[in-house]
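Results of the structural survey
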Amino acid sequence: MEPRDDTERLLAGIWSEVLGVPTLGIDDDFFDLGGHSMLATQVVAKIRRAEHGGRAVGVMDLFQQRTIRELAAFMTGDAEAAGPRRLLYELTRPIPAGRRVLSYVCVPYGGGSAIVYQPLADALPAGHALWSLAIPGHDVGLTEDALPFDELTSRVADEIVERIEGPLALYGHCGVGSAIIAEVARKVEAAGRELEVVYIGAMFPFARPKGAFAALRNRLEQLSSNRHYASWLKSMGVDTDELEPEQADRIISNMRADSRASEEYFTGLLDRGAAKLRAPIVSVVGSEDPVTDYHSERYAEWQFLSDTLGLVVLDQAGHFFLKYRADELAEIVTQVHPAVRAGDVTALGPAAKGEDAGWVVADHLRVGDADRPAPAVVKPSMARFVAVTAGQLVSTTGSALTAFALPIWLFTRTGSVADLGLLWALALICGVLMLPVAGALTDRVSRRRIMMIASCVSGSIQLVLAALLWTDNLALWHIYGLVALSQVAGSFQRIAFQSAVPQLVPKRYLGHAMGITQLSSGFAMLLMPVFAAGLLAAIGLKGILLIDVASYLVAVLTLAVVRFPDLLGWRPRERLLVAIANGLRYSWRHKGFRLMLGYFALGNVFLAPALVLTTPLVLSFGTATQVAQVALAEAIGAVAGGVLMSLWGGPRQRRMIGVLIGNLGTAVGCVLIGLDASVVMIAFGAFWLAMAMTTAQSIYATIVQVKVPQRFHGRVFSLNQTISWSTLPIGFALLAPGATALFEPMLADGGTLAGSVGAVIGTGPGRGIGFAYVCFGLALVLITLGGFAIRMLRRFDIEVPDSLPDDLIGAQERQRRLAERAKARPEPASVAG
């Protein structure tokens, strides 16, 4: 039947536009025609903008009124007579209270609609009812305001007690869902209602540490663009591209606000303590979800809220497994809690279910169990983390001072760019070659011991350098050998410290702790040039080396005092060499990725000299203090690029064009550095180069997020870093000294190019290096213009499809492995009759 009035005609037009169906009948079901939750969001947003004058329509209203006839009647109905909106919507078919086996109340993840639980509702066995929370302020079709956390949880608890009878279970997903469901559980039990279980998916308790760096990092996160979060959601399996920009922006803003409120809730609850729930808490996690790393250890953190805990692991699942693993999730939420309550999960564990199981109960815990190992005597704490981080920061700063001063000292003594380039190449090669070894050893040996040994070795090396320098016995081969050994020790120290952070800090603070480490190191590197030049002028390289030795002594003494908890530290999902090989295997299947890797490798050959020639360029007419000014400008440029990307988030579409434009900016920076023998011009060029390079790299990282499934990000980034670094030594050791040796005589007074090029950029000492910068910049321009000319590279965002949802990739991987195992099993022997 065709639409009969203005409201039905309005709805028919909107449905036709969104679904791409030219003709519609008023009794056609929106979801039978191909509609889903994202398209439903578009529909209610368009209805809202139409200003039809009737009753407001939310996403859940469309799910309950699925035809044009039903929805039009809802819109023209009496809103006041219908009463206030409920928060809970029943997604299963109504079941009489006396026949319900169990009722579930589920809370969606941040920014998510109540309808995300429809797949789980459809998968539940008969007799099980599912109610889902529609969080006020999340629906783009409604104008309702968001509720404060305490008011929201109180209303949900009251509605549960009032409306839902019989046995009751709760489920919350991710950060927002876990916080809301935890507080609702507390309030429901306080009202006298018993709970069978609280299931919490894809999250453990998370909180915000105190301190200036933590506050600064939190502030920076709040200033960052929503586009970063859109790319992250895309990589995790939630695609907002089908929504209009303002709709996606509202959803992501709600998600971020909800996440902050949830973090504040857990922070306060953990600080003040809480009465424990009588119900058990069961954690459900995906084996490939980075958010729930360390799940074998972290699920026990729920002891602050319940004495009975369980852990269920979904094989090959990611973060948003609600949609793609709904059948298995239905099995979990119906089978696990009785076993956990009974204290016997053997029938649901790995030993019983075998390697083909889609999910297993990996562990369970009843606080006070005599058969469980005693907790570690040494416990993680922010004090331990801050102490060790401070010691590492001191040693890092000392090393940075030496890294700044040594090239200046070497060039002023030898005047050789070749010696300087070879030093940089040797340091890079030795540091990189040790990374796989350091990673493998760190997984097997005490990280504290590795850090102490590495610090002692590095300090001893600097002491030997200082002694050779003081006795005037320091030769060039000494510098090469000792710097190479220092880089080897530094690789072990960095890997071990990175791996030790999760041991030192309570894991509920882990994300913030990693951010604090990066932020503090960034500040040290930013301020280092300010102090380095003054120290070099005042105490020389000899004094700086002694400061470096003292900095390592501080690090060693700190490590000697601070004991490390015997807990899980960070370890990569794949060994570095395995990740590189797998990244090559993954990327080589896509022509676009092959082109991009070749483009970066070629560009870095000409970018590398720009990173090593700044010191000789400035020293050709200036002082070490001016070298420090240029280094500071470069550091500020890198920070500016990071801030720009944080506030902007990069282009929403055609991101590869953004990378190419950023690389053109890098090339322009190279040219600017070489145009004039002026500290101001060189500093401005270095600032521009660093800002453009940081911006381009950040946009590329976004491309990887969107185009590569989350579980393969590490592989692709490892491969990209390997390809990039593999060509840097060519620029350091060959191109930089070669170009200098070629152009310096040509641009000397009376040289071959003095009357032509020299008339523009000047002549004299250092102008050949300046012309090399111009040439390298022009080479980068040509390479980037070539990138624009290659259709596959220029149109990378269009030619290469977006990644499939991570959980779908996991489901496919699981099916592939099951098929391989089935083929590998021997056929049963036949019995001759």
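Use the structure listed above.
Computed from a predicted model, the values in this text were never measured in an experiment.

A few words on the overall build of the chain. Helices and strands together make up the secondary structure of the chain, namely 32 helices and eight strands. In terms of C-alpha radius of gyration, the chain reaches 31 Å, essentially the compact-globule figure of 28 Å for 833 residues. C-alpha atoms of the chain, sized along the principal axes, occupy 100 × 75 × 70 Å. The buried share of the chain, reckoned over its 833 residues, is 55%.

For the rest of this paragraph, the subject is the side chain of Arg814. By the element assignment, Arg814 lies in helix α32 (residues 806–824). Arg814 sits in the buried class, given a relative accessible area of 7%. A distance of 3.1 Å separates the side chain of Arg814 from the side chain of Asp315, its partner in a polar contact. In this view, Arg814 contacts Asp315, Gln316, Arg325, Glu328, Asp356, Ala357 and Gly358; residues no more than four positions away in its chain are not counted.

Moving on: the pattern of salt bridges. Evaluation of the coordinates by the stated rule reveals 23 salt bridges. The salt bridge partner of Arg655 is Asp797, with a shortest N-O separation of 3.8 Å. Highlighted residues: Arg655 in helix α25 (residues 655–675) and Asp797 in helix α31 (residues 796–799), separated in sequence by 142 residues. The buried category is assigned to Asp797, whose relative accessible area is 13%. One connected set of salt bridges, linked through shared partners, spans Asp150, Glu183, Arg186 and Lys187.

Attention now goes to the packing of aromatic side chains. The final tally for this structure, using the stated rule, is 16 aromatic pairs. Where Phe30 meets Phe31, the ring centres are 5.0 Å apart and the plane angle is 85°; that geometry is what we call edge-to-face. Residue classification places Phe30 among the buried positions, given a relative accessible area of 0%. Phe31 gets classed as buried once you look at its relative accessible area, which sits at 15%. In this structure an aromatic cluster arises from ring pairing among Phe149, Phe206, Tyr265, Phe266, Trp302 and Phe304. Positioned above the aromatic ring of Trp359, the side-chain terminus of Lys353 is 3.4 Å from the ring centre. The ring of Tyr294 has Lys507 sitting right over it, with the charged end atom 5.0 Å from the ring centre.

Ordered by their spatial adjacency, eight strands build an open sheet running β1-β3-β2-β4-β5-β6-β7-β8, and the pairing between neighbours is mixed. This sheet does not close on itself; its edge strands, each paired only once, are β1 (88–90) and β8 (359–366). Going from strand to strand, the sheet's axes swing by 20° on average, the running direction of each strand aside. One ladder, built from four bridges, connects strand β5 (residues 197–201) with strand β6 (residues 281–286); its direction is parallel. If you follow Gly201 over to β6, its bridge partner there is Val284. Running at roughly 155° to strand β4 (residues 168–173), helix α8 (residues 174–190) makes contact with β2 (102–107), β3 (128–133), β4 and β5 of the sheet. Sheet strands in contact with helix α13 (residues 326–342) are β2, β3, β4, β5, β6, β7 (308–314) and β8, and its direction is about 30° off that of β8.

Turning our eyes to something else, we now look at a nonpolar patch on the surface. A cluster of nonpolar side chains, Leu463, Trp470 and Leu546, forms an exposed patch at the surface whose accessible area comes to about 320 Å². Relative to the assigned elements, Leu546 resides in helix α20 (residues 510–561). Exposure remark for Leu546: the relative accessible area of 40% places this residue in the partly exposed category.

What follows deals with the packing of helix α15 (residues 382–414) against helix α19 (residues 476–504). Relative to each other, α15 and α19 sit at 160°, their axes nearing to 12 Å. In this view, α15 runs roughly antiparallel relative to α19, as classed from their interaxial angle. As α15 runs across α19, the sense of the crossing is left-handed. Contacts between α15 and α19 involve Arg384, Phe385, Val388, Thr389, Gln392, Ser395, Leu406, Trp409 and Leu410 from the former and Leu476, Ile479, Val483, Gln493, Phe497, Val501 and Leu504 from the latter. Of the residues in the contact of α15 with α19, the class split is 11 nonpolar, four polar and one charged.

As a further point, take the nonpolar core. Among the nonpolar cores identified, the biggest contains 111 residues, and Ile160, Leu170 and Val336 are the most heavily contacted of them. Broken down by element, the residue count for this core peaks at nine residues, all from α8. Sequence-distant contacts of Val336, that is, excluding residues within four places in its chain, are made with Tyr199, Val282, Val312, Glu331, Leu348, Trp359 and Val361. Ala532, Leu613, Ala772 and Tyr773 belong to the second-largest nonpolar core, a separate cluster that totals 70 residues.

So, how was this worked out
- Residues numbered from 1 in each chain as written.
- Predicted model: local features only at pLDDT ≥ 70, side-chain atom pairs only at ≥ 80, totals over all residues.
- Heavy atoms only, no water.
- Helix = DSSP H or I, 4+ residues; strand = E, 2+ residues; numbered from the N terminus.
- Rg over C-alpha atoms; globule rule 2.2 N^0.38 Å.
- Buried < 20%, exposed > 50% of the residue type's maximum accessible area, 1.4 Å probe, protein only.
- Polar contact = N/O pair within 3.5 Å; in protein donor to acceptor, adjacent residues only side chain to side chain.
- Contact = heavy atoms within 4.5 Å.
- Salt bridge = Lys/Arg side-chain N within 4 Å of Asp/Glu carboxyl O.
- Phe/Tyr/Trp six-rings, centres within 6.5 Å; stacked < 30°, edge-to-face > 60°.
- Lys NZ or Arg CZ within 6 Å of the ring centre and 35° of its normal.
- Pairing = 2+ DSSP bridges.
- Axes fitted to C-alpha atoms, helices over the stretch in contact; angles between N-to-C directions.
- Patch = residues over 30% accessible without salt bridge, like charges linked within 9 Å, V, L, I, M, F, W, Y side chains within 5 Å.
- Areas by Shrake-Rupley, 256 points an atom, 1.4 Å probe, with all protein chains shown as cover.
- Parallel < 35°, antiparallel > 145°, perpendicular 65-115°, else oblique.
- Left-handed = near helix turned anticlockwise from the far one by under 90°.
- Nonpolar A, V, L, I, M, F, W, Y, C, P; charged D, E, K, R; others polar.
- Core = buried A, V, L, I, M, F, W, Y, C linked by side-chain atoms within 4.5 Å.

The values are spatial; any link to function lies outside them.
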